[in-house]
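Residue-level structure breakdown
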Amino acid sequence: MNLGVLGTYLPTLARYVAVMVGIAVIMLIAYRVQRFLGVKQEAATGRTLIMPWLIGFLIFNVFTIGSSLYLSFTEYNLFRAPEWVGFDNFSEIFDLQIAPLESAAQRSSDALPPRYDEVQRVTLGDGGFVIGARMEEFWRSLRLTLLYAVLTVPLGIVASLGVALLLNQKVRLLGFWRVLYYMPAILPSIATILLWRWIFSGSGLLNGLFAPFYRAAGIAAPSWLTNPDLVLIVFVVFSLWGVFGANSVILLAGLKGIPQELYEAADIDGADEWAKFRNVTLPMLSPSLFYNLVTSTIAALQVFEAAAFIDIPDSVGTFLNWLIYQEAFNFRNMGMASAMAWIMLLLILALTALVFRSSSAWVFYQGAKDAN
Amino acid sequence: MTTATARQRDSLIEQPQPSQRRFQIRRIIIYALLLLGAAIVLIPFLWMISTSLKTEDQLFTRQIQLIPNPAVPMNYVRVWEQLQSINPNMTFWRILGNTLFITLLAMFGEILSASIVAYGFSRFNFRGRNLLFALMLATVMIPGIVTRVPGFLVWRQLGLLDTYDPLTWPSLFAWGPLYVFLLRQFFLSIPREIEEAAIMDGANVIQIYVYIMIPLIKPILLAIGVLAFQANWNNFQGPLLYLSTPEKFPLAVALRFFDQSLSKEAPQWHYMMAMATMMALPILIIYFLAQKQFLEGINVGAVKG
């Protein structure tokens, strides 16, 4: 290795060490200042120890989120200073048009005013209407992302609950099954998305396996990746393969934590399997399910790698995270990208709040009862 | 253990009772389902390895070949020759070095800072502690893309685009709230008496942390180390955004570079799967070696969360 190679590592390493020292110095100063101001030792120590996070929080969260909000009201392409445009970005995104269709055969572009493109077409008998938007990619991508979340989150939870219940049946070699089922989740998602693209490709494994069925049914092998109606399936399969095992291991730990006495008590009351599942397992497992629901909903709305490796047909849109990334770093529309990112942030907050709101109705915390 | 005794008992009884037959059928169904699950996990994975050992002609055969004949391990070398044909500096060692450099620095920063912050959150009372901790957990919900644009602009202003800085030293600011959360749970489970004895002996916070707490939290530190290694090794979004010179790429972005430049028109799946396997291999080895810590680390968060 010559210095040319090290030349890219060493400066970063030097700055890494410098930042480390810098943080230590700041912590020391913060501690001394607090003590000088008469703060008790315990409180001063605690605040000092969380300093690294607090500084990071202020820089990487508070400052960047604030800047992002500001940028969402500007037009900015990196070359000229950000130009304040008020709500223009948002009103462009929310500029939707609904146009009636005179006949089911009429093209959407003929029905919609110029510069508006089709987002969703609804045909009712011999007519119907079409929804168009100026930022049609955003709405198509929002539709795809939500559809993906609505499909993968419940399917993933049901599948992983099934596997967890299975593994909880006093099976032999439990450790082996756990390790095996968890494996897809630790594989690099880059590797697995490429693998699934290969499996779903026109002459890939899937069509190879199903070739006899296609022949029997007399249909051509579908092109999963380019057919707008089928492409979502590829992503759903990729996602489920990646998470069902991982989530089931988490749920299994929850199942193992259910006190055996509860089942014994249910047995004495003459409860059958279903009643035990319904009245003991589900309520006791609800905190784990809740954790699963929250994390998988947030993750489902932020698909990135998969969209980077599979070109999705335009008419379907793409995943929001990838769309925003493209808008910002390929088209250099920093303002518009920030506006979209903010809509996404609010969407995630709203959905999470909804899940949390609903939790009081179905999540059962054992400790909460004891506390009363 | 209970299964073993149950089976022994079963074999002692000659005539299976109806309820026992039901029990046996149930067992068979359970294991059949478990095997089905194993097939779902393993077949795609084996297909990746199988493809990585095929020649280009073998890729699109009509008959499905799980075991390639002949097998060509040379794909693992040739894929790098292919990459070097576009950029002579993109050697295997360079790309591996990049990946390790980013991964290890970020991992070390995460473990160091998260354990210190978690110690502060779990052991010391101060006003605003719970509020700050809740704030920290809430940041999990913020999609990375919101902070990406301003973040990019800041690194650009600092002149640190196309360096490893954005991917490494910000980890020193405890950027992974999940790790802090896991460590805090662990700290809370350690009895306070242990420290109190040390305080009586006149030890200060740094001494207590280094000599008493670190040895006690070693298992969870190892678990977090494994989780952090995996997350940083697999990281794609950060390097994709901040690095632009191909020879600075880590594996994940190099794989995309290969996909986009060499494989766009006619995908060279044997090479791509070879690269994907190479990327997965270290993670798999660590996973199998440290599976106990790994699964524990995940479960601490899930059950107590």
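1. So, helix 11 (residues 260–268) of chain A
Within helix 11 of chain A, only 0 of the 9 residues are buried, which leaves the element largely exposed. Following helix 11 of chain A by one or two positions, Gly 270 of chain A adopts a phi angle in the positive range, close to 75°.

2. A word on the pairing of strand 5 (residues 128–133) of chain A
Residues and elements named next belong to chain A. Relative to strand 5, strand 3 (residues 96–101) runs antiparallel, the two being bridged by 6 bridges. Considered in strand 5, the bridge of Leu 96 is made with Ala 133. A loop of 4 residues connects strand 4 (residues 117–123) with strand 5, the two strands running antiparallel in sequence, and Gly 125 in this loop sits at a positive phi of about 60°.

3. A short note on the packing of helix 9 (residues 177–188) of chain B against helix 12 (residues 218–234) of chain B
Residue and element names in this part refer to chain B. One can describe the packing of helix 9 onto helix 12 by two numbers: an axis separation of 10 Å at closest approach and a directional angle of 165°. With respect to their mutual orientation, helix 9 and helix 12 come out roughly antiparallel. In this structure, helix 9 meets helix 12 at a crossing whose hand is right-handed. For the pair formed by helix 9 and helix 12, the contact residues are Tyr 179, Leu 182, Leu 183 and Phe 186 on the first element and Ile 220, Ile 224 and Ala 228 on the second. Its residues assigned to classes, the contact of helix 9 with helix 12 comprises 7 nonpolar, no polar and no charged.

4. Some thoughts on helix 5 (residues 92–123) of chain B
In a regular helix each residue adds 1.5 Å, so 32 residues correspond to 46 Å; helix 5 of chain B covers 46 Å between its end C-alpha atoms and thus fits that length. With 23 of 32 residues buried, helix 5 of chain B is to be regarded as a mostly interior element.

5. Re the packing of helix 14 (residues 251–261) of chain B against helix 15 (residues 269–289) of chain B
Packed helices, taken two at a time, are described by their axes: the angle between them and the distance between them. Residue and element names in this part refer to chain B. Between helix 14 and helix 15, whose axes approach to 10 Å, the crossing angle comes to 175°. Between helix 14 and helix 15, the angle falls in the class roughly antiparallel. Contact residues: helix 14 offers Leu 251, Ala 252, Leu 255, Phe 258 and Asp 259, while helix 15 offers Met 272, Met 275, Ala 276 and Met 279. Partitioning the contact of helix 14 with helix 15 into residue classes produces 8 nonpolar, no polar and 1 charged.

6. Remarks on the interface of chain A and chain B
Of the residues lining the interface, 87 residues belong to chain A; the matching set on chain B comes to 76 residues. Sort the elements by how many residues they give to the side of chain A that touches chain B and helix 3 (residues 51–71) of chain A lands first, with 12 residues. For the side of chain A that touches chain B, the class distribution of residues is 59 nonpolar, 21 polar and 7 charged.

7. Quick word on the sheet that holds strand 4 of chain A
Residue and element names in this part refer to chain A. In space, the 3 strands of this open sheet follow the order 3-5-4, with antiparallel pairing throughout. In this open sheet, the two strands that pair with only one neighbour each are strand 3 and strand 4. Direction aside, neighbouring strands of the sheet carry axes that sit 20° apart on average.

8. Considering the domain arrangement of chain B
Residue and element names in this part refer to chain B. Taken domain by domain, chain B holds domain 1 (14–73) and domain 2 (77–304). The distance between the C-alpha centroids of domain 1 and domain 2 comes to 33 Å. The interface of domain 1 with domain 2 comprises 8 residues on the first partner and 6 residues on the second. When residues of the side of domain 1 that touches domain 2 are traced back to their parent elements, those giving at least two are helix 2 (18–52) and helix 3 (56–59).

How each quantity is defined
Residues numbered from 1 in each chain as written. Chains lettered and ligands numbered in written order. Predicted model: local features only at pLDDT ≥ 70, side-chain atom pairs only at ≥ 80, totals over all residues. Buried ≥ 20, exposed ≤ 12 C-beta atoms within 10 Å, placed from the backbone. Helix = DSSP H or I, 4+ residues; strand = E, 2+ residues; numbered from the N terminus. Pairing = 2+ DSSP bridges. Axes fitted to C-alpha atoms, helices over the stretch in contact; angles between N-to-C directions. Parallel < 35°, antiparallel > 145°, perpendicular 65-115°, else oblique. Left-handed = near helix turned anticlockwise from the far one by under 90°. Contact = placed C-beta atoms within 7 Å. Nonpolar A, V, L, I, M, F, W, Y, C, P; charged D, E, K, R; others polar. Expected span 1.5 Å × (residues − 1). Domains from an automatic or database assignment.

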